[in-house]
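Reading the structure
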Amino acid sequence: MQEQKQETTPGEHKEGKLELIAVQQFAPYEEMYKVVDFLNKHLKHKKIMFGLTKHKGSGQMVISVYEVE
């Protein structure tokens with residue numbers, strides 16, 4: 001079976017690409033993942049996605065907002 005390559009030209013976007021819009025750090029909040037899950041479920045149709053991570057060094061939570069192209 002041969003692999004098919006899909007090439008893009010400059011300025012052309014692949015479907016599903018994430019563009020980072022904003023990042024914010026804040027004090028840990030135990031149930032923040034529920035907020036992020038809620039936002040992702042209800043804003044999917046607006047092509048907005050949220051990510052949540054915990055900064056290893058400081059313990060701060062980091063929320064990221066992405067636009068899905």
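Report follows, based on the coordinates. For clarity, every value in this text was computed on a predicted model and none was experimentally measured. (Residues numbered from 1 in each chain as written. Predicted model: local features only at pLDDT ≥ 70, side-chain atom pairs only at ≥ 80, totals over all residues. Heavy atoms only, no water.)

1. Here's the deal with the overall build of the protein
Rules: Helix and strand labels come from DSSP, where a helix needs a run of H or I of at least four residues and a strand needs a run of E of at least two; each type is numbered from the N terminus. Relative accessibility under 20% of the residue-type maximum defines a buried residue, over 50% an exposed one, and the middle range a partly exposed one, all with a 1.4 Å probe and only protein chains included. Contacts are assigned to residue pairs with any non-hydrogen atoms lying within 4.5 Å of each other.
The secondary structure content of the protein amounts to one helix and three strands. Starting at the N terminus and walking to the C terminus, you meet the elements of the protein as β-α-β-β. When burial is assessed residue by residue, the protein has 14% of its 69 residues classed as buried. Nonlocal contacts in the protein, meaning residues at least 24 apart in sequence, comprise 56% of its contacts between residues at least 6 apart.

2. Considerations on the nonpolar core
Short version of the rule: In this description, a nonpolar core means a group of buried Ala, Val, Leu, Ile, Met, Phe, Trp, Tyr and Cys residues linked to one another through side-chain atoms lying within 4.5 Å.
Core analysis: the biggest nonpolar cluster contains six residues, these being Met32, Val36, Phe50, Met61, Ile63 and Val65. Mapped onto this core, the elements with two or more residues apiece are α1 (32–43) and β3 (61–68). The leading source of residues in this core is β3, at three residues. Those residues in contact with Met32 that sit more than four places away from it in its chain are Phe26, Leu52, Met61 and Ile63.

3. Here's the deal with the pairing of β3
For clarity, the cut-off: Should DSSP find at least two bridges between two strands, the strands are taken to pair.
Bridge analysis of strand β1 (residues 18–26) against β3 gives eight bridges, and the strand direction is antiparallel. Within β3, the residue paired with Gln24 across the bridge is Ile63. Bridge count for strand β2 (residues 48–54) against β3 is seven bridges, and the pairing is antiparallel. Residue pairing for β3: Lys54 is matched across the bridge by Met61.

4. Here's the deal with the pattern of salt bridges
Note the following rule: The term salt bridge refers to a side-chain nitrogen of Lys or Arg lying within 4 Å of a carboxyl oxygen of Asp or Glu.
All chains considered together, the criterion is met by two salt bridges. The shortest N-O distance in the salt bridge between Asp37 and Lys41 comes to 3.4 Å. You can see Asp37 and its partner Lys41 sitting in helix α1, four residues apart, about one turn around the helix. Judged by its relative accessible area of 58%, Lys41 falls in the exposed class.

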